[in-house]
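Structural characterization, general
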Amino acid sequence: MKKNSSIEYSLCQIAKAATFVLRFIPLGFSIFVARIIGFISYYFFIKKRRIAYKNLKIAFPHYSCSQINRTVRQVFMNCSQHIMELFYLPWLDKNYIKNHIAFEGMDKALKIADNRKGLILLGLHEGSWEVASVVLSQVFEKYNYTILARTQEGIPALNGLLKEYRAKRNCK
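Just so it is clear, the model here is predicted, and its values are computed rather than measured.

Description of the overall build of the chain
Tallying secondary structure elements over the chain gives eight helices and zero strands in all. Seen in sequence order, the chain has helices and strands lined up from the N terminus as α-α-α-α-α-α-α-α. Counting only residues that meet the buried cut, the chain has 30% of its 172 residues in that class. Summarising the internal contacts of the chain: among those between residues at least 6 apart in sequence, 78% fall at separations of at least 24. A total accessible area of about 12100 Å² is found for the chain, and carbon and sulfur atoms account for 62% of it.

Below is the structure:
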């Protein structure tokens, strides 16, 4: 076994264990902890922080230094939150969706889907799109709902785990 594959295998096992343990902890608390980890990570991952700062300075030249730093810190916090949410994918069922997620315009989309003429939903690569895809697979369960996702290159075991989590919620 290659060094990278043994590290990846270990990470995969840790992710599976975390998924099991985290199902007993409320999502809101886990997200709170994840955002704190992201906040702390902002100060430890200096190289990544500098890259993000440089990219935002190019994209938003009118932003002040403090605005860019605040945005980069939010990015770190949001990324940590999205990673935490991945651990909850296998447990996002219809009951959870009904009680915790609000939709705008979903009645129109379902009405179009009921006509059986086809419906293409486009989404932004924003927020936790993995969670969004699983949620939509639950909402459109009686239809032939399919999501297109690119393989995570270089991390086959973790990519397989992500596919497994999607499949548990009927996300093809």
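Remarks on the side chain of E130
Among the structural elements, E130 can be located in helix 7 (residues 129-139). Residues within four places of E130 in sequence aside, it is in contact with L86, L89, L162 and R166.

Some points on the pattern of salt bridges
When charged atoms on two side chains of opposite charge get close, those side chains can pair. All chains considered together, the criterion is met by one salt bridge. Between R166 and E130 there is a salt bridge; the shortest N-O distance is 2.6 Å. One end of the pair, R166, is in helix 8 (residues 156-168); the other, E130, is in helix 7, and 36 residues separate them in sequence. For R166, a relative accessible area of 9% gives the class buried.

Here is what the cut-offs are and how they apply
Residues numbered from 1 in each chain as written. Predicted model: local features only at pLDDT ≥ 70, side-chain atom pairs only at ≥ 80, totals over all residues. Heavy atoms only, no water. Helix = DSSP H or I, 4+ residues; strand = E, 2+ residues; numbered from the N terminus. Buried < 20%, exposed > 50% of the residue type's maximum accessible area, 1.4 Å probe, protein only. Contact = heavy atoms within 4.5 Å. Areas by Shrake-Rupley, 256 points an atom, 1.4 Å probe, with all protein chains shown as cover. Salt bridge = Lys/Arg side-chain N within 4 Å of Asp/Glu carboxyl O.

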